[in-house]
Amino acid sequence: MNDIPLKAELTSEAYQALFALTMDALPHEACGVLTGHRQPGHGLAGHRLAEIGSPAPAQAAADVLRVTGVLPVKNAAARPETQFAFDPHDWVRAVYDMQKNRQSLVGFFHSHPGSPPVPSKADHAGFPFAAVEHGSGTSYWILSPDALGRTLAIRTYWVRGESFLPLMLAQIRV
Ligand SMILES: [Zn+2]
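No experiment lies behind these values; they were computed from the predicted model shown. (Residues numbered from 1 in each chain as written. Predicted model: local features only at pLDDT ≥ 70, side-chain atom pairs only at ≥ 80, totals over all residues. Heavy atoms only, no water.)

**Student:** Sorry, what's going on with the coordination of the zinc ion here?
**Tutor:** The zinc ion binds to the protein through His 110 (NE2), His 112 (NE2), Asp 123 (OD) and Asp 123 (OD); the donor distances cover 2.0 to 2.6 Å. Metal-centred angles of 54 to 157 degrees between the four donor atoms at the zinc ion mark the site as irregular. Here the donor residues of the zinc ion are spaced in sequence according to H-x1-H-x10-D. In this pair, His 112 is assigned in the loop between β4 (105–111) and α4 (121–125) and Asp 123 in helix α4, connecting sequence segments eleven residues apart. The same class applies to His 112 as to Asp 123, namely buried. (Donors = N, O, S within 2.8 Å, 3.2 Å for Na, K, Ca; no water. Tetrahedral: all angles 85-135°; square planar, octahedral: opposite > 155°, others 65-115°. Helix = DSSP H or I, 4+ residues; strand = E, 2+ residues; numbered from the N terminus. Buried < 20%, exposed > 50% of the residue type's maximum accessible area, 1.4 Å probe, protein only.)

Quick look at the structure:
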């Protein structure tokens, strides 16, 4: 398994949960954590190529980050229109829920009600989670609703230290 997944994938249920949370939180930022798993990507293609004797493409070993669950956490930021901060008690509750349900944390999400889904200065400066201070990093999802609250733009980044690497977001499975 590579350190950084080749791409990210959302189930349609997870997409719908993120959509609802983002719209319901308006005009505030919604935030929370994502659960799911990593799995090998391009396994079939790589296998088929190997069978006919061609070298497998480099991506054959890269894996996919699949998000299957969404756990909202209360936004306790002083200015929730433009910031997010996990409410400490609600964050503990979310961690407990994940353990109870044997879910693995695979990322963090928040919304940008009035700006595009790119990391803000605050995102770069204040990523508050110890999970990215060691290990290979984590995924960071930014959701931007349009002005009418009808569509949601989603961008996924791989965060390690201070670097935000954009990840390809795979087509949502229906
Ligand atoms: Zn942000």
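**Student:** Any chance you could explain helix α1 (residues 12–25) here in plain terms?
**Tutor:** An α-helical turn contains 3.6 residues, so any two residues separated by three or four positions project in the same direction. Between its terminal C-alpha atoms α1 stretches 20 Å, which fits the 20 Å expected from 14 residues at 1.5 Å a residue. Every buried residue of α1 is accounted for by Ser 12, Ala 14, Leu 18, Thr 22 and Met 23. Along the axis of α1, the buried residues cluster in a sector spanning 160 degrees; they form a single face. For α1, the exposed residues set more than 90 degrees away from the buried face come down to Glu 13, Gln 16 and Asp 24. (Expected span 1.5 Å × (residues − 1). Arc of directions from axis to C-beta.)

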